[in-house]
Amino acid sequence: MMTFNPKFFPLSRCAACAALLAAAASSAVCAASVSIGGMYDTGLKYTFVNDGIHGTETALGMESSMLDSSRFAIRAHEDISDQLSVGFIAESGFRADSGQLQEQDIFFNLGSLFYLSHKQYGELWMGRLGTMRSGATPAGFQILGQRTSPFGTGWDGYGGGVLYTMPFIGFSVDNALLYKSPVINGLQLDIETSFGGTDGGDENKANTDRYSAAALTYDRGPLRLATVLEYMNENSSKGSRDDEIAVTVGGSYDFTAFQLFGWAQYFRGANHIMALSNIGDYPLFTGLDDMRGFAATVSAKIPTGHGFTDLALSWLDAKVHDDVEAADEDKVGNSLKRFGATIAYEYPLSKRTFVYTAAGYTQVKTEKAGVETKTKTSEVMLGMVHKF
């Protein structure tokens, strides 16, 4: 059965909202609930960058969503019977430091979905869903984010999480279906597919990107494992494109004294690797269609005092396999290697509020026309999260 994140409180607990639900509740036959809530994440970040060419640059400012995406969410759930339940989830991301929406043209940008859950036959999700690696909606986060890194898919890219270390394939996809099988002896199968259609193309046609993925997870006591196959059938209306394929394996083990995490991925046909905050985009990833390589992280979560210390090392190695004109090679480049190390600390003030701090170091090596450039970045952040 579907379980909700404790960051959301039942709407009926709010006195003002209870009055609005009283009439409907008085005639309700099935157990139903509506929740409204979300998360507010804001803080300060200091960044020091040296690209080896233009010298050093520093920045200090207020940032939003450094640990996770600030969001407003509405969730509803109804038990039709002791076997069947239905519900919906709608989540809108916003910038806590400015009040702006994360995506101006999409209000519920993180997810907008309806689900059916049956204890015997599994779950079916429909709508705007997060990709399996992004963690934008609960299904994806449960598959990779929480199994393979204490940093999940957040921490502004400096925690060795799956979203930033591996090539970017999208946060959420539209017109999507996801099936989650029942758990059998610790094993669960997830299958997701998207018809696309909101990137200027037609739904389920060759002129739009269409995402598909399958995941097999295994949980047994302190051991949690995941294997994920992802495929992006790319828009080919303007010529042949190399579709993106990625295979990721990872997991974690709880030794009681600490938790150990890790994952590794092979990819090909990748188009874009997310630039880290305050560094700027790499010329390597402009207009490319076929990057190949691998990425991996190893990380740990250690109880420390009343909080937790998180550690991570990450590595990314990507090479260009596109047909690049010789005259453009010095602009585009042909390879990138990125190494990162992070230490972070989380301290809970209550069940809903905690403060966090982190320090990270990243070194990026790019090669263009036989010339190697190194960009070194150090970052320190201090923030607070409140879940409401």
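Residues numbered from 1 in each chain as written. Predicted model: local features only at pLDDT ≥ 70, side-chain atom pairs only at ≥ 80, totals over all residues. Heavy atoms only, no water.

1. Section: the overall build of the protein
Note the threshold: Put simply, DSSP H or I for four residues or longer makes a helix, DSSP E for two residues or longer makes a strand, and each gets a number counted from the N terminus. The contact criterion used throughout is that any non-hydrogen atoms of two residues lie within 4.5 Å. The method behind every accessible area is Shrake-Rupley, applied with a 1.4 Å probe, and residues are considered shielded solely by the protein chains displayed.
Of the regular secondary structure elements, the protein holds four helices and 18 strands. Within the protein, residue pairs in contact and separated by at least 24 positions form 60% of the contacts whose partners lie at least 6 positions apart. Element-wise, carbon and sulfur atoms account for 59% of the exposed surface of the protein, whose accessible area totals about 18200 Å².

2. What about the pattern of salt bridges?
Which entries qualify depends on this criterion: The term salt bridge refers to a pairing of a side-chain nitrogen on Lys or Arg with a carboxyl oxygen on Asp or Glu at a separation within 4 Å. Partly exposed describes any residue whose relative accessible area lies between the buried limit of under 20% and the exposed limit of over 50%, with all areas from a 1.4 Å probe on protein chains only and scaled to the type maximum.
By the definition in use, this model includes 15 salt bridges. Its salt-bridge partner being Asp 68, residue Arg 71 comes within 3.4 Å of it at the nearest N-O pair. Accessibility expressed as a relative area gives 28% for Asp 68, which makes it partly exposed. One salt bridge in this structure joins Arg 128 and Asp 174, with 2.6 Å as the shortest N-O distance. Note that Arg 128 is positioned in strand E7 (residues 122–130) and Asp 174 in strand E8 (residues 172–180), a separation of 46 residues in sequence.

3. Description of the packing of aromatic side chains
Operational definition: Each pair of aromatic rings taken from Phe, Tyr and Trp, with Trp reduced to its six-membered ring, is defined by centres within 6.5 Å and is described as stacked if the planes are under 30 degrees apart, edge-to-face if over 60, and tilted in the remaining cases. Note on criteria: charge over ring means Lys NZ or Arg CZ within 6 Å of the ring centre, with the direction from the centre no more than 35 degrees off the ring normal.
Applying the stated rule across the entire model yields five aromatic pairs. Geometrically, the ring pair formed by Tyr 40 and Phe 94 is tilted, given 6.1 Å between the ring centres and 50 degrees between the ring planes. Of the two residues, Tyr 40 is situated in strand E2 (residues 32–50) and Phe 94 in the loop between strand E5 (84–93) and strand E6 (111–118); the sequence distance between them amounts to 54 residues. Its guanidinium or amino end placed over the ring of Phe 308, Lys 301 lies 4.9 Å from that ring's centre, counting from NZ or CZ.

4. Details of the pairing of strand E14 (residues 291–304)
Put simply, the test is: By this definition, two strands are paired if DSSP reports at least two bridges between them.
Note: strand E13 (residues 259–270) against E14, 10 bridges, orientation antiparallel. Residue pairing across strands places Ala 264 opposite Ala 296, the latter belonging to E14. Pairing of E14 with strand E15 (residues 307–320) involves 14 bridges; the strand directions are antiparallel. Among the inter-strand pairings, Met 291 is bridged to a residue of E15, identified as Val 320. Hairpin geometry of E14 and E15 is characterised by an intervening segment of two residues between the two adjacent antiparallel strands and by a positive phi of about 60 degrees at Gly 305.

5. Looking at the environment of Gly 170
Within the fold, Gly 170 resides in the loop between helix H3 (162–165) and E8. Given the relative accessible area of 13%, Gly 170 is considered buried. Remark: the alpha-carbon pair of Gly 170 and Met 232, spanning 62 residues in sequence, is separated by 9.8 Å. Other than its neighbours up to four places away in sequence, Gly 170 contacts Thr 131 and Ser 134.

6. What about the nonpolar core?
For clarity, the threshold we go by: Residues enter a nonpolar core if they are buried and are Ala, Val, Leu, Ile, Met, Phe, Trp, Tyr or Cys, with the set joined through side-chain atoms within 4.5 Å.
With 18 residues, the main nonpolar core has Leu 113, Trp 125, Leu 129, Met 132, Ile 143, Tyr 211 and Val 228 as its most contacted residues. Among the secondary structure elements, those contributing two or more residues to this core are E6, E7, helix H2 (138–148), E8, strand E10 (210–220) and strand E11 (223–233). Discounting residues that sit within four places of it in the chain, Tyr 211 has contacts with Thr 131, Met 132, Ile 169, Val 173, Glu 192, Thr 193, Ser 194, Glu 230, Tyr 231 and Met 232. Judged by nonpolar contacts, the second largest core, of 14 residues, contains Ile 273, Ala 318, Val 320 and Leu 336.

7. What about the side chain of Asp 317?
Mapped onto the elements of the fold, Asp 317 is located in strand E15. The exposure class of Asp 317 is buried, given its relative accessible area of 9%. With residues up to four places along the chain from it excluded, the contact list for Asp 317 reads Phe 267, Arg 292, Gly 293, Phe 294, Leu 336 and Lys 337.

8. Topic: the environment of Gln 265
Cut-off, in case you're wondering: Pairs of N or O atoms within 3.5 Å make up the polar contacts considered here, provided that, within protein, one atom can donate a hydrogen while the other can accept it, and that residues adjacent in sequence are counted only when both atoms are side-chain atoms.
Mapped onto the fold, Gln 265 is located in strand E13. Taking the relative accessible area as the measure of exposure, Gln 265 reaches 3% and is therefore buried. Sequence separation of Gln 265 and Val 249 is 16 residues, and the distance between their C-alpha atoms is 6.5 Å. Discounting chain neighbours no more than four positions away, the residues touching Gln 265 are Arg 133, Met 166, Pro 167, Glu 230, Ala 246, Val 247, Thr 248, Gly 293, Phe 294 and Ala 295. A distance of 2.9 Å separates polar atoms of two side chains, one belonging to Gln 265 and the other to Thr 248.

9. Some details on the confidence of the model for the protein
Convention followed: Per-residue confidence from the prediction method is given by pLDDT, with values spanning 0 to 100.
Residues with a pLDDT of 70 or more make up 84% of the protein, whose mean pLDDT is 83. Looking over the protein, one finds the lowest element-wise mean pLDDT in strand E1 (residues 8–10), namely 38, and the highest in strand E9 (residues 187–194), namely 96. Counting interchain partners and residues more than four positions distant, the pLDDT-below-50 stretch residues 1–29 has 47 contacts.

10. Notes on unusual backbone geometry
Positive phi values are uncommon outside glycine, yet Ser 65 reaches one of about 60 degrees. Residue placement: Ser 65 occurs in the loop between strand E3 (56–64) and strand E4 (71–79). Overall, the relative accessible area of 18% leaves Ser 65 in the buried class. With phi around 60 degrees, Asn 204 is a residue other than glycine that occupies positive phi space. With respect to the helices, strands and loops of the structure, Asn 204 is situated in the loop between E9 and E10.

11. Examining the environment of Asn 204
On the basis of relative accessible area, Asn 204 is assigned to the partly exposed category, the value being 43%. A sequence separation of 10 residues divides Asn 204 from Ser 194, and the C-alpha atoms of the two residues are 8.0 Å apart. Discounting chain neighbours no more than four positions away, the residues touching Asn 204 are Phe 195 and Arg 210.

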